[in-house]
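# Commentary on secondary and tertiary structure
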Amino acid sequence: MTTYIRTGARLAAVTLLTAGVLGSTGAQASASPADTRTYSLDKRHCMTVVAPAAAEATASEVLSHGCYRTKKELDRAVSADRAAEVRLSVWAEHANMAGIYDVIYGPAPCDGTGYWLTASSWWKVRLSSFSNESGCNNSFLTGDRGNGTFGSHANWVGSTLDNAVNRMRIWR
């Protein structure tokens, strides 16, 4: 009987702990959607859909995100996502657009305000190159070790920003 009570108490404790963890994870996800984006070696083809920046220096809201095993799966997901109207930028894990990549879409091409793209915790320590499209001819990257101004692409963001980008502004 004692074993049953201990096991029951452990089960109750695990249930409460799990509920607390899931509850807090849910709260964190809604408070910070950028931090919930995940990437993995088995799903190298990713897409993130963002809204335009509401005002200067305001982060573009992440509307959706997903990663896929094949480019064909990615293309299907892009076709199904109505907010993914315009391909804005491609972020790559390594120099020369190699490794895992994230294709960033938005509802409209770049204008003077453009988009402020916040790096997820995964990208903050991995972004090495990028290429912008849809009139996004200017880029400004910020990181813990410094900042950098680029045109529409960079085969390598340089030693100051390599694997150290927090945000990227893209605009016309």
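Each chain carries its own residue numbering, running from 1 in the direction its sequence is written. Confidence filtering applies because this is a predicted model: local features only for residues at pLDDT of at least 70, side-chain atom pairs given and counted only at 80 or more, and all residues used for totals across whole chains, interfaces and linings. Side-chain metrics rest on all non-hydrogen atoms present in the structure, leaving aside hydrogens and water.

## With respect to the packing of aromatic side chains
- Classification of ring pairs rests on two measures: the distance between centres of Phe, Tyr or Trp rings, Trp counted by its six-membered ring, which must be within 6.5 Å, and the angle between planes, read as stacked under 30 degrees, edge-to-face over 60 and tilted in between. This structure, assessed with the given rule, holds three aromatic pairs.
- Considering the side-chain rings of W122 and W123, the 4.9 Å spacing of their centres and the 85° angle between planes classify their relative orientation as edge-to-face.
- Only protein chains enter the accessibility calculation, which uses a 1.4 Å probe; a residue is then buried when its area is under 20% of its type maximum, exposed when over 50%, and partly exposed in between. The class of W122 is buried, set by a relative accessible area of 13%.
- Aromatic side chains F130 and F150 sit 5.7 Å apart centroid to centroid with 90° between the ring planes, which places their arrangement in the edge-to-face category. One end of the pair, F130, is in strand β6 (residues 129–132); the other, F150, is in strand β8 (residues 146–150), and 20 residues separate them in sequence.
- For F130, a relative accessible area of 1% corresponds to the buried category.
- Clustering of aromatic rings is evident, with ring pairs tying together W91, W122 and W123.
- Looking at R169, its charged tip hangs above the ring of W171, at a distance of 4.1 Å from the centre. Segments assigned H or I by DSSP are reported as helices when at least four residues long, segments assigned E as strands when at least two residues long, and all are numbered from the N terminus. Geometrically, a charge over a ring is one whose NZ (Lys) or CZ (Arg) sits within 6 Å of the ring centre while staying within 35 degrees of the ring normal.

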